[in-house]
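Overview (structure and organization)
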Amino acid sequence: MTNYSYGPLLFFAAIGLGFAAFSVVAGALAGPKRYNRAKADAYECGIQPSPHAEGGGRVPIKYYLTAMLFIVFDIESVFLYPFAVAFDRMGLFALIEMVLFILTVFVAYAYVWRRGGLEWD
Amino acid sequence: MGEFVATKINYAAVLPMLIVFAAAMIGVLVEAFVPRASRYVAQLPLTLIGLAGALAALLLNSRDNQGITAAGAVVVDGPTLMFQGIVLALSILAVLVMAERLDREGADAFTQSGASVPGSPLEAQAERLGATTTEVFPLTLFAVGGMMLFPASGNLLTMFVALEVLSLPLYIMTGLARRRRLLSQEAALKYFLLGAFSSAFFIFGAALIYGATTSTDLSVIAKAVGQVTGLDSLLVPGILLVAVGLLFKVGAVPFHSWTPDVYQGAPSPVTGFMAACTKIAAFGAMARVFYVGFEALRWNWQPVLAVVAALTMVVGAVLSITQKDVKRLLAYSSITHAGFLLLGIVAMDRTSIAGLMFYLAAYGISTITAFALIALVRQSGAEATHLSQWAGLGRTSPVVAAVFAFMMLSFAGIPLTSGFTAKFALFAPAVAHGGVWLVVLAMLASAVTAFVYVRVIVLMYFSDPIDGVSVVNPSYLTYAAVAVGAALTLMLGVLPSPLLDAAKSASIFLR
């Protein structure tokens, strides 16, 4: 083992650290500083968080739930596209695998449906 | 564009994993369609049958169906079957402990409503309804499925998917404690953030390795590593980054900082499961990555792992002295054990792989048993984990104290316990393959931790009991798990040869 082989690793770590330090410092120096109530929010994302539930600082997760469901079916369609193009050449094996895949996604869907994840209020 | 070639999958070889995942899927459907009151009675048998069925399939079927399957993504060989078998057997024990509901209002280890804010009306309502969390069963099954795929992955991408499949359920289960819920949720968040961070390291390392070798297949990487020249600046950082991801999962120093908080915050039965089975899976995967993928570059990674092993043993042992909480104490003990186990990777020999398997089995059994007992010691309903609360337990509840003391002796490596034979099986190959200084260090670390364990025993037997601390009466589930755990700890200490021989005959990786 030569010490030389760790050189690139250290160099890479230095670049990483340098970039992080640069970003933080540059942001603090160059960025505008406007203080308002939105800055104190847990997630400063431009929209007002929905009103809190009674008796606790509970953040409604409706939006997140919708986004998560979207991703589940988005991923499903990502896999369905190449399958749809080539399923005639792949034969029975691919068909069975795809049916199994869709079934597993539907298990998740059934769970969300039965547990009230699809109800907005 | 090349003609599509359908991947061939040897379903007989991967049958155990399919059974576990199918049981998990059915578990999700049970959560969706079975009424709340009857979910527990449906989930427990389903989970146990799924795990036992997978173990039976593994023992009866998969040994004759070894081989590389699914286009190199899954490798079913001796080590895979051994690691999978140990994970399945231990998770059956762990599920028995997790299923303990103690037949008493509020004694349950799991929260009724994990999504509610601690102390909120929603939580109070869930408690009034008398719900009991049954999601832990499918979550456990998903985690076990990931743990089985992790050491079987022949491909860095499959390994990454397995890593996520085993981690995500564990993050959720960590946050489900019934008492001290804020501590539990904090632990879950810490575990999730640091886990996501280390997963990023792993996948980044895999990308660098792909850049150097043009493959994520371990067997292709192994061939390319010997031939590729001039790309070491990609390859070596890649290997080390992959190692960071794996070392995080086993809790090796300097990637151990999550361990004490998570072990303390998680419900005790989950801690036992996590400590035992995650270690088995992660060490299995680490052994495959280093033995199959990066063997030719051993002069680069061996010194790094040796230093990590030494640090892990020393830091774990020294910090365990100062611990005042029994769960944190066992967390630092698990860090020390991870350091010992790394010797099995550093030694780079098939005998050390056999030692690794035996040690993981012995350590896992003792850990699950110890955490099952921790869940029983209570003060005013909550788990009494502060060491001062364990004073005099030997007088008030002799059986629990005796079994816990036996587990402590096993952790310390006293003869006639599994810990002794396991340490011997692990350290002997390390001595034979040039790791003498590491073994000397391991012996010193063992001596330090032995002091810590003996101090707990002395506290239990030679101090006056504290008022209000009591041991709750468990059901037959915990009795069964603890009895089997104690019996196996004794048996592996007295009669280690059946498991040791099986491990030896299963210690060659298929390349």
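All figures in this text were calculated on a predicted structure; none of them were measured in a lab.

On to the overall build of chain A. Scanning chain A from terminus to terminus reveals two helices and zero strands. A total of 121 residues make up chain A; the buried ones form 0% of that total.

Below, the discussion takes up the overall build of chain B. The number of helices and strands found in chain B is 20 helices and five strands. Against the 2.2 N^0.38 benchmark of 24 Å for 511 residues, chain B shows a C-alpha radius of gyration of 22 Å, consistent with a compact globule. Judged by the C-alpha coordinates and their principal axes, chain B covers about 70 × 55 × 40 Å. Considering chain B as a whole, with its 511 residues, one finds that 58% of them fall into the buried category.

Here the focus is the sheet that holds strand β5 (residues 469–471) of chain B. All names here are of chain B. Strand order in the open sheet made by the three strands is β4-β3-β5, with antiparallel pairing throughout. Because the sheet does not close on itself, it has two edges, and the strands there are β4 (382–383) and β5. Examined bridge by bridge, strand β3 (residues 377–379) and β5 share three bridges and lie antiparallel to one another. In the strand pairing of β5, Val-377 is matched with Val-471.

All names here are of chain B. Its location among the elements puts Gly-413 in the loop between α16 (398–412) and α17 (418–432). In the structure, Gly-413 is positioned 80 residues away from Gly-493 in sequence and 9.5 Å away in space, judged by C-alpha atoms. Every residue in contact with Gly-413, bar those within four places of it in the chain, is listed here: Gly-419, Phe-420, Lys-423 and Ser-446.

Our next topic: the packing of helix α9 (residues 232–250) of chain B against helix α11 (residues 268–293) of chain B. All names here are of chain B. Remark: α9 packs on α11, axes separated minimally by 8 Å, with the N-to-C direction vectors making an angle of 155°. Between α9 and α11, the angle falls in the class roughly antiparallel. Crossing handedness for the pair α9 and α11: left-handed. For the pair formed by α9 and α11, the contact residues are Val-242, Leu-246, Lys-249 and Val-250 on the first element and Thr-278, Lys-279, Ala-282, Phe-283, Ala-285, Met-286 and Val-289 on the second. A per-class count over the contact of α9 with α11 returns eight nonpolar, one polar and two charged.

This part takes up helix α10 (residues 258–265) of chain B. Residues and elements named next belong to chain B. Burial within α10 is extensive, with eight of its eight residues counted as buried. Taken together, the buried positions of α10 are occupied by Trp-258, Thr-259, Pro-260, Asp-261, Val-262, Tyr-263, Gln-264 and Gly-265. Where α10 is buried, its residues meet α6 (156–174), α7 (181–213), α11 and α13 (326–346).

Right, let's get into the confidence of the model for chain B. Residue and element names in this part refer to chain B. Mean pLDDT over chain B: 91, with 97% of residues reaching 70 or higher. Across chain B, element-level confidence peaks in helix α5 (residues 136–149) with a mean pLDDT of 96 and bottoms out in helix α4 (residues 121–129) with 78. Here the prediction assigns the complex a pTM of 0.88, and the interface score ipTM is 0.82.

Counting residues at the interface gives 21 residues for chain A and 19 residues for chain B. At 11 residues, the largest contribution of residues to the side of chain A that touches chain B is made by helix α2 (residues 62–114) of chain A. Looking at the side of chain A that touches chain B residue by residue, the classes come out as 11 nonpolar, six polar and four charged.

Below, the discussion takes up the packing of helix α1 (residues 7–30) of chain A against α9(B). It is the contact of α1(A) with α9(B), at a shortest axis distance of 8 Å, that shows an interaxial angle of 70°. Considering their axes alone, α1(A) and α9(B) lie roughly perpendicular with respect to each other. On α9(B), the residues touching A:Pro8, A:Leu9 and A:Phe12 of α1(A) are B:Ser233, B:Val236, B:Pro237 and B:Leu240. The class makeup of the residues in the contact of α1(A) with α9(B) is six nonpolar, one polar and no charged.

Residue and element names in this part refer to chain A. Residues given the UniProt feature "transmembrane region" (unreviewed entry) here are residues 6–30, 63–84 and 90–112. Taken as a whole, residues 6–30 contains 96% helix and 0% strand, while its terminal C-alpha atoms sit 35 Å from one another. Along residues 90–112, the helical share is 100% and the strand share 0%, with 32 Å between the first and last C-alpha atoms.

Here is what the cut-offs are and how they apply
Residues numbered from 1 in each chain as written. Chains lettered and ligands numbered in written order. Predicted model: local features only at pLDDT ≥ 70, side-chain atom pairs only at ≥ 80, totals over all residues. Helix = DSSP H or I, 4+ residues; strand = E, 2+ residues; numbered from the N terminus. Buried ≥ 20, exposed ≤ 12 C-beta atoms within 10 Å, placed from the backbone. Rg over C-alpha atoms; globule rule 2.2 N^0.38 Å. Pairing = 2+ DSSP bridges. Contact = placed C-beta atoms within 7 Å. Axes fitted to C-alpha atoms, helices over the stretch in contact; angles between N-to-C directions. Parallel < 35°, antiparallel > 145°, perpendicular 65-115°, else oblique. Left-handed = near helix turned anticlockwise from the far one by under 90°. Nonpolar A, V, L, I, M, F, W, Y, C, P; charged D, E, K, R; others polar. pLDDT = per-residue confidence, 0-100. UniProt positions renumbered as here; feature names shortened; annotations may be inferred.

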